[in-house]
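# Structure assessment
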Amino acid sequence: MTTRKNSGTTTTPAKRQRAASGSASERRDHLVKLAAELFARKGFQATTVREIADEAGILSGSLYHHFDSKETIVDEVLSTFLDDLIARYRAAVDTSADPRTVLSDMVRIGFGTLEPHRAAITVMQNDWNYLRQFERFNYLVKAEDEVEQIWVTQIKAGQAAGQFRADVDPKLTYRMIRDTIWVAVRWFRPGGRLNTNGLAEHYITVLFDGLATGERTTQPQG
């Protein structure tokens with residue numbers, strides 16, 4: 001008796017399961033990106049589950065196969081952004097470089113998020129006060145506090161090392177830097193004259209070298 005071998009590729013149940021799992025994961029990521037863009041454009045509160053489903057070309061009920069609520073979606077959008085941002089800030093600090101170098105790297109990191117996390121940054125700006133009132137979003141305040149602490153610590157270290165002026169308030173300085181970076185998401189457009197690297201380097205120049213030439217002309221106001 002001759003045994004005929006199958007020259008084709010055998011698809012096992014395990015392979016089919018892995019393929020289905022990969023496809024489901026890609027579909028979920030796609031839905032998150034679509035929803036994030038809607039949240040950024042219309043606002044989280046104004047965006048409905050039906051609108052997200054319509055944007056994805058599926059029925060509202062189908063969306064619930066992936067997420068139990070739109071809060072779960074925005075949770076994923078924001079936590080992904082903050083986890084990435086904080087991890088990068090920590091890595092910059094862990095280099096043990098001098099404060100000016102670390103601060104410059106953190107400016108680059110901040111501006112570098114404008115493209116990959118544009119929607120998340122916009123949602124943070126527009127819906128922060130609404131979301132923070134819910135317990136599931138308590139991590140937003142904790143993340144904000146940690147980021148502030150990282151920046152303020154580096155500014156104070158720079159002052160102690162004689163790299164930064166001693167007559168500026170570290171927390172106020174951080175908040176002005178923070179707002180400069182995040183507000184840029186409203187006017188920055190990819191493909192323009194400057195990319196995010198160019199924006200960061202320009203801001204670093206203004207931050208550390210100033211705008212005026214010659215001797216310092218600003219004096220503390222009494």
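Residues numbered from 1 in each chain as written. Predicted model: local features only at pLDDT ≥ 70, side-chain atom pairs only at ≥ 80, totals over all residues. Heavy atoms only, no water.

Within an unreviewed UniProt entry, the label attached to the protein chain reads Transcriptional regulator, TetR family, and the organism entered is Nonomuraea wenchangensis.

## Points about empty space enclosed by the protein
Note the threshold: The pocket and cavity definitions rest on a 1 Å grid over protein atoms only: a 1.4 Å probe that fits but cannot leave marks a cavity, an open set with protein on both sides within 12 Å along at least five of seven lines marks a pocket, and residues lining either have an atom within 4 Å of a point. Grid points are joined across faces, edges and corners, and a volume is the space filled by probe spheres set on the points. Helix and strand assignments come from DSSP, with helices taken as H or I runs of at least 4 residues and strands as E runs of at least 2, each series counted from the N terminus. Gly falls in the polar group here, along with every residue not listed as nonpolar (Ala, Val, Leu, Ile, Met, Phe, Trp, Tyr, Cys, Pro) or charged (Asp, Glu, Lys, Arg).
Taken as a whole, this structure holds one cavity of 30 Å³ or more when the rule is applied. Size it by volume and the largest cavity reaches roughly 40 Å³. Lining the largest cavity we find Tyr89, Val147, Trp151, Tyr174, Arg178, Ile181 and Trp182. Those elements giving two or more residues to the lining of the largest cavity turn out to be helix 7 (138–160) and helix 8 (170–183). The biggest single contributor to the lining of the largest cavity is helix 8, with four residues. Tallied by class, the residues present in the lining of the largest cavity amount to six nonpolar, no polar and one charged.

## Some details on the UniProt feature "DNA-binding region" (unreviewed entry) in the protein chain
We apply this condition: UniProt positions are given in the numbering used here, feature names are shortened, and annotations may be inferred rather than shown by experiment.
Feature annotation in UniProt assigns "DNA-binding region" (unreviewed entry) to the following positions: residues 48–67. Here residues 48–67 is 60% helix and 0% strand, with 13 Å between the C-alpha atoms at its ends.

## Considering the packing of aromatic side chains
Short version of the rule: Put simply, two rings from Phe, Tyr or Trp (the six-membered ring, in Trp's case) pair if the centres are within 6.5 Å, and we call them stacked under 30 degrees between planes, edge-to-face over 60, tilted for the rest. Partly exposed residues are those whose accessible area sits between 20% and 50% of the maximum for their type, while under 20% is buried and over 50% is exposed, using a 1.4 Å probe and protein chains only. In this analysis the charged atom, NZ for Lys or CZ for Arg, is taken to sit over a ring once it is within 6 Å of the ring centre and within 35 degrees of the ring normal.
A complete count under the given rule lists nine aromatic pairs for this structure. An angle of 45° between the planes, with centres 6.3 Å apart, marks the rings of Phe137 and Tyr139 as tilted. Judged by its relative accessible area of 24%, Tyr139 is partly exposed. An aromatic cluster of at least three residues, connected via ring pairs, comprises Phe39, Phe44, Tyr130 and Phe134. Positioned above the aromatic ring of Phe137, the side-chain terminus of Arg136 is 5.7 Å from the ring centre.

## Remarks on the packing of helix 5 (residues 99–112) against helix 7
Threshold: Note on definitions: angles span 0 to 180 degrees between N-to-C directions of axes, and those axes are lines fitted to C-alpha atoms, for helices only across the stretch in contact. An angle counts as roughly parallel when it lies under 35 degrees, as roughly antiparallel when it exceeds 145, as roughly perpendicular when it falls between 65 and 115, and as oblique in every other case. Two helices that cross are described as forming a left-handed crossing if the nearer one is turned anticlockwise from the farther one by less than a right angle, and a right-handed crossing if clockwise. A contact between two residues is defined here by any heavy atoms of the two lying within 4.5 Å.
At a minimum axis distance of 9 Å, the contact between helix 5 and helix 7 shows a crossing angle of 150°. Considering their axes alone, helix 5 and helix 7 lie roughly antiparallel with respect to each other. Along this stretch, helix 5 crosses helix 7, giving a crossing that reads as left-handed. For the pair helix 5 and helix 7, the contacting residues are Pro99, Val102, Leu103, Met106 and Val107 in the first and Ile150, Trp151, Gln154, Ile155, Ala157 and Gly158 in the second. For the contact of helix 5 with helix 7, the per-class residue count stands at nine nonpolar, two polar and no charged.

## Thoughts on the confidence of the model for the protein chain
As a reminder, the rule being used: The predictor reports its confidence for every residue as pLDDT, a score running from 0 up to 100.
Residues at a pLDDT of 70 or more form 86% of the protein chain, whose mean pLDDT is 88. Per-residue pLDDT stays below 50 along residues 1–5; that stretch engages in zero contacts with residues further than four places along the chain or on separate chains. Every residue in residues 13–21 scores below 50 in pLDDT, and together they form three contacts with partners more than four places removed in sequence or on other chains.

## Notes on the environment of Thr153
Note the following rule: Polar contacts, as used here, are pairs of N or O atoms within 3.5 Å; protein pairs need one atom able to donate a hydrogen and one able to accept it. Residues neighboring in sequence count only if both atoms are side-chain atoms.
Mapped onto the fold, Thr153 is located in helix 7. Between the alpha carbons of Thr153 and Pro170 there is a distance of 8.2 Å; along the sequence they are 17 residues apart. Of note is the side chain of Thr153, whose polar atom sits 2.7 Å from the backbone oxygen of Gln149.

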